[in-house]
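Here's the letter readout for the chains.
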Amino acid sequence: MRHQPSPPLASALSRSRTAFIALLTCSALSACSQQPSQSTTAGVEVRTTAPVNVGEVSPGPDAAAPIATAEARTIGGDGSEIILVGMTGADLEREKLSGELACSFAAPDGAMVLVARGNVGSKERSQGVVKILDYVERVSASGGYDGMLRGANFAGQGKTILIALTGAAPTTGEESPPRAATLTYQRADGASRTFSGTWTCGP
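Note that the structure is a prediction, hence the values are computed from the model and not measured.

### With respect to the pattern of salt bridges
Throughout the structure, instances matching the rule amount to nine salt bridges. Residues Lys131 and Asp91 are paired through a salt bridge, measuring 2.9 Å at the closest nitrogen-oxygen approach. Of this pair, Lys131 sits in strand β3 (residues 126-132) while Asp91 sits in helix α2 (residues 89-95); the two residues are 40 residues apart in sequence, bridging distant segments of the chain. Using a relative accessible area of 3% as the deciding quantity, one classes Asp91 as buried. For Asp189, the salt bridge is made with Arg187, and the minimal N-O distance between the two is 3.1 Å. Given the relative accessible area of 37%, Asp189 is considered partly exposed.

Take a look at the structure:
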């Protein structure tokens, strides 16, 4: 005859069996949930990096770039390039050139390379500025404003700048028509570079 456990003992055995089965099920589920993660990341270092917003820096209204030219590169000197940069309104405001009328040399893209002012009928030298990379430098020419009308030879520290007209006067009837011209920058070390553009004189 088979001996049946007493009701209290049977109840305790049933609870133990249920707890054991639950423990086994939980362990199996945990192992299954971890297995894909381990297989996909084994031996790999995973890094999460926020996207970098590089963005394109746009130049402001007063920004200027080196003058482009189809002319020959710098000749002679120590081998370093002569690089002229178009001046900005802020550059000219700081320099405050004096004189009744002005002349200016502009590159084909419109960048203002050299600006000079002088008085009509004056023997005083006209005063001008030119920008070399980040530096605005002073130059001057003899003969005042009148001395610049047909081109001019400007002199400054360590440099000479020759403005030469290359085309006939336009017949448009404008008060201050631009004239085709070249600007030749000569450095004290013997380097020279020529730029094509226009020379304009007037109010």
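### A few points about the confidence of the model for the chain
Here the chain averages 74 in pLDDT, while 62% of its residues score no lower than 70. Per-element confidence in the chain is highest for strand β6 (residues 159-165), whose mean pLDDT is 97, and lowest for helix α1 (residues 7-41), whose mean pLDDT is 44. This model gives residues 5-14 a pLDDT under 50, and the stretch forms one contact once residues within four places in sequence are excluded. Note on residues 19-63: pLDDT is under 50 here. Beyond four places in sequence and across chains, it has four contacts.

### Comments concerning the state of the cysteines
Disulfides are covalent bonds that connect the sulfur atoms of two cysteines. Inspection of the entire model under this criterion finds one disulfide. The residue that forms a disulfide with Cys103 is Cys201, at a sulfur-sulfur distance of 2.0 Å. Between Cys103 and Cys201, the S-S dihedral sits near 120°, and the bridge is therefore right-handed. Of this pair, Cys103 sits in strand β1 (residues 101-106) while Cys201 is found in strand β8 (residues 192-202), placing the two residues 98 residues apart along the sequence. Classification of Cys201 by relative accessible area gives buried; the value is 12%.

Reading guide: rules and limits
- Residues numbered from 1 in each chain as written.
- Predicted model: local features only at pLDDT ≥ 70, side-chain atom pairs only at ≥ 80, totals over all residues.
- Heavy atoms only, no water.
- Salt bridge = Lys/Arg side-chain N within 4 Å of Asp/Glu carboxyl O.
- Helix = DSSP H or I, 4+ residues; strand = E, 2+ residues; numbered from the N terminus.
- Buried < 20%, exposed > 50% of the residue type's maximum accessible area, 1.4 Å probe, protein only.
- pLDDT = per-residue confidence, 0-100.
- Contact = heavy atoms within 4.5 Å.
- Disulfide = S-S within 2.5 Å.

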